[in-house]
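Inside the fold
Okay, here's what each chain looks like letter by letter:
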Amino acid sequence: MKAVRKFLVIALAGVLALSVLTGCGGGGGASGTSVIDALNYWAEFYNERYVFKAGDSALQTKTNELAATIEESAKELDFSSAKTTEDIVAIVKDDVPTMQKIDAVLNFPQAKIGDGSPLYMFGLSEMSLPADWPRDKMTYYAHQLYDEAEDVNAPDKHYEDPNWEPDWTYGDEFYASVATVTVAGRQYMIALFKTTAIPYTE
């Protein structure tokens, strides 16, 4: 799994699409795979130990709030110079008022190591499909959502000499809530993941 990374919250917003969790309607792959099924397929494919489950109503509500916040903020931003997803993300990130609003929504208490307190992560996936991606579209989206996810309220990173290993890693279970968004004419999927921080062992 990727190394623990510093706090970064960049979101692109729109309207909630519950269908991406059930595999019905827009956002589903060719086989109607749900996001949760695709995340678990991805974890199994890469021999990861993690299990993904659908988030509860509180996590979905927070995802909706995040989506609505960015949707309103994005209306005030100028994306005319943006050519790529990276350009769009940079415009959002560089706008201080927008980031302040995002930070206010995601103002979770800092997670602690080993006490079961929630650790949140944010994921973003552009809803496009490389022609050679295996299985279906949803697997591609799930791969992007999780593999590039950033910590929101992680414990401080501490490293021990001489190996420079982190002193914590992620718990075995992840809960996910998802929304689809459209910004600058592009459609994205955003996800909030909820897990725990546990002591790191080799």
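In case you missed it, the structure is sitting above this.
As a starting point, this report considers the structure included with it. (Residues numbered from 1 in each chain as written. Predicted model: local features only at pLDDT ≥ 70, side-chain atom pairs only at ≥ 80, totals over all residues. Heavy atoms only, no water.)

Quick word on helix H3 (residues 57–74)
The test is simple: Numbering of helices and strands runs from the N terminus; a helix is a DSSP stretch of H or I covering at least four residues, while a strand is a stretch of E covering at least two. One less than the residue count of a helix, multiplied by 1.5 Å, gives the span that helix is expected to have. For every residue, the accessible area obtained with a 1.4 Å probe (protein chains only) is divided by the maximum for its type, and the residue is called buried under 20%, exposed over 50%, and partly exposed between those limits. Counting of polar contacts relies on pairs of N or O atoms within 3.5 Å, with two restrictions inside protein: one atom must be capable of donating a hydrogen and the other of accepting it, and residues adjacent in sequence are counted only when both atoms are side-chain atoms.
In a regular helix each residue adds 1.5 Å, so 18 residues correspond to 26 Å; H3 covers 25 Å between its end C-alpha atoms and thus fits that length. Buried within H3 we find Leu59, Gln60, Thr63, Leu66, Ala67, Thr69, Ile70, Ser73 and Ala74. The N-cap residue of H3 is aspartate 56: its side-chain oxygen and the backbone nitrogen of alanine 58 are 3.2 Å apart.

Considerations on the sheet that holds strand E1 (residues 51–54)
Backbone hydrogen bonds are what pair the strands of a sheet, in a parallel or an antiparallel way. Here is the rule: The pairing criterion is simple: DSSP has to find at least two bridges between the two strands. Whether two residues touch is decided by their heavy atoms; if any such pair falls within 4.5 Å, the residues are in contact. Only the contacting stretch of a helix is used when fitting its axis, a line to C-alpha atoms as for every element, and angles between N-to-C directions run 0 to 180 degrees.
What the 5 strands build is an open sheet, ordered E1-E7-E8-E2-E3; its pairing is mixed. On the outer flanks of this sheet lie E1 and strand E3 (150–151), each paired with one strand and no other. Here 4 bridges tie E1 to strand E7 (residues 173–183), and the two strands are oriented parallel to one another. In the strand pairing of E7, phenylalanine 52 is matched with phenylalanine 174. Contacts between helix H2 (residues 35–45) and the sheet are confined to E1, E7 and strand E8 (186–195), with E1 contributing the most and set at about 175 degrees to the helix. Helix-sheet contacts for helix H4 (residues 85–94) involve strand E2 (119–126), E7 and E8, and the interaxial angle to E8 is about 65 degrees.

Focus on unusual backbone geometry
At asparagine 47, a residue that is not glycine, the phi angle is positive and equals roughly 55 degrees. Inspection of the secondary structure assignment puts asparagine 47 in the loop between H2 and E1. Residue class for asparagine 47 comes out exposed when judged on its relative accessible area of 71%. Phi at alanine 184 is positive, roughly 55 degrees, even though this residue is not glycine. Within the fold, alanine 184 resides in the loop between E7 and E8. For alanine 184, a relative accessible area of 42% puts it in the partly exposed group.

Concerning the pairing of E8
The element E8 is extensively covered by neighbouring structure, given that 7 of its 10 residues are classed as buried. Note that E2 and E8 share 8 bridges and pair antiparallel. By the bridge assignment, serine 125 is partnered in E8 with methionine 189. Pairing analysis gives 9 bridges linking E7 to E8, with the strands arranged antiparallel. Counterpart to threonine 180 in the pairing with E8 is methionine 189. Counting the residues between successive antiparallel strands, the hairpin from E7 to E8 contains 2 residues, one of them, alanine 184, with a positive phi of roughly 55 degrees.

Some details on the packing of H3 against helix H5 (residues 96–105)
Any two packed helices are characterised by the angle at which their axes cross and by the distance between the axes. Basically, it comes down to this: Should an angle lie under 35 degrees it is considered roughly parallel, over 145 roughly antiparallel, and from 65 to 115 roughly perpendicular; all remaining angles are considered oblique. For this scheme, ten residues count as nonpolar: Ala, Val, Leu, Ile, Met, Phe, Trp, Tyr, Cys and Pro. Four count as charged, namely Asp, Glu, Lys and Arg, and the remainder, Gly too, count as polar.
At a minimum axis distance of 10 Å, the contact between H3 and H5 shows a crossing angle of 170 degrees. It follows from the interaxial angle that H3 and H5 lie roughly antiparallel. Where H3 abuts H5, its residues Lys62, Glu65, Leu66, Thr69, Ile70 and Ser73 lie against Thr98, Lys101, Ile102 and Val105. Residue classes in the contact of H3 with H5 are distributed as 4 nonpolar, 3 polar and 3 charged.

Keep in mind that these numbers describe shape and distance, not what the molecule does.
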